[in-house]
Amino acid sequence: MLEINTEDDVMVVKLSGELDHHRCSNIRKKIDSRAESQRPKTLVLDFSKVLFSDSSGVGLVMGRYRQMLLLGGKLQVVNVPENLRKVFKLSGLEGLGVMK
């Protein structure tokens, strides 16, 4: 499931369930389309209800990071479960300064 809400130039995307290649592809399309039309200053990816993610989750974050740079905004990744936090750290996402 995917829930997207925008308020005061902040677009919050609440992710849930499992993030694999197929699911991330659909999520990317939906987020990119909304971000292009709404041009938020901040995109927040909320991982609080994500149970599993393969490398596609890392790709999802990296792609939205690049997209927000192009749109002149910033990305925040919040509520990352501990098991995913380790994967994100190893992939270098923590070095981007997006994880809260």
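Data block above holds the structure.
For clarity, every value in this text was computed on a predicted model and none was experimentally measured.

Thresholds, definitions, all that
- Residues numbered from 1 in each chain as written.
- Predicted model: local features only at pLDDT ≥ 70, side-chain atom pairs only at ≥ 80, totals over all residues.
- Heavy atoms only, no water.
- Helix = DSSP H or I, 4+ residues; strand = E, 2+ residues; numbered from the N terminus.
- Buried < 20%, exposed > 50% of the residue type's maximum accessible area, 1.4 Å probe, protein only.
- Contact = heavy atoms within 4.5 Å.
- Pairing = 2+ DSSP bridges.
- Axes fitted to C-alpha atoms, helices over the stretch in contact; angles between N-to-C directions.
- Parallel < 35°, antiparallel > 145°, perpendicular 65-115°, else oblique.
- Left-handed = near helix turned anticlockwise from the far one by under 90°.
- Right-handed = clockwise from strand over helix to strand, strands pointing away.

*Asks:* How should the side chain of Ser16 be read in this particular structure?
*Replies:* Summarising the element assignment, Ser16 is placed in strand β2 (residues 10-19). Residue classification places Ser16 among the buried positions, given a relative accessible area of 16%. Excluding anything up to four places from it in sequence, Ser16 contacts Met1, Arg23, Lys49 and Val50.

*Asks:* What is the right way to look at the sheet that holds strand β4 (residues 74-78) in this model?
*Replies:* For sheets, the rule is that strands pair by backbone hydrogen bonds, running either parallel or antiparallel. Taken in spatial order, the four strands line up as β1-β2-β3-β4 in an open sheet, and their pairing is mixed. Where the open sheet ends on each side, the last strands, each with one partner, are β1 (2-7) and β4. Averaged over all pairs of adjacent strands, the angle between their axes in this sheet comes to 20°, without regard to strand direction. As paired elements, β1 and β2 share six bridges and run antiparallel to each other. When the sheet's bridge partners are listed, Thr6 is paired in β2 with Met11.

*Asks:* Could you clarify how one ought to interpret unusual backbone geometry in this entry?
*Replies:* Residues apart from glycine generally show negative phi values, whereas peptide bonds are mostly found in trans. Its identity is not glycine, yet Arg39 carries a phi of approximately 45°, on the positive side. You can see Arg39 is positioned in the loop between α1 (21-38) and β3 (42-53). Even without glycine at this site, Asn79 takes up a positive phi of about 55°. Note on placement: Asn79 falls in the loop between β4 and α3 (82-91).

*Asks:* Looking at this structure, I do not really get the packing of α1 against helix α2 (residues 55-70). What am I missing?
*Replies:* Pairs of packed helices are described in terms of their axes, by the angle between the two and the distance that separates them. α2 packs onto α1 with a crossing angle of 15° between their chain directions and a minimal axis gap of 10 Å. One finds that α1 runs roughly parallel with respect to α2. For the element pair α1 and α2, the recorded crossing hand is right-handed. Between α1 and α2, the contacting residues are His21, Cys24, Ile27, Arg28, Ile31, Asp32, Ala35 and Glu36 on the first element and Ser56, Gly57, Leu60, Arg64 and Gln67 on the second.

*Asks:* Any chance you could explain the pairing of β2 here in plain terms?
*Replies:* Side-chain direction in a regular strand flips from residue to residue, so the side chains alternate between the two faces of the sheet. Between the end of β1 and the start of β2, which pair antiparallel, lie two residues, with Asp8 showing a positive phi angle near 50°. In this sheet, β3 lies alongside β2 in parallel orientation, the contact comprising nine bridges. Paired with Val10 across the strands is Thr42, a residue of β3. Read from β2 through α1 to β3, the crossover connection turns out right-handed.

*Asks:* I tried to follow the environment of Gln67 on my own but got confused; where do I start?
*Replies:* Note on placement: Gln67 falls in helix α2. Judged by its relative accessible area of 9%, Gln67 is buried. The sequence separation of Gln67 and Val12 amounts to 55 residues, and the corresponding C-alpha distance is 15 Å. Residues within four places of Gln67 in sequence aside, it is in contact with Ile31, Asp32, Ala35 and Glu36.

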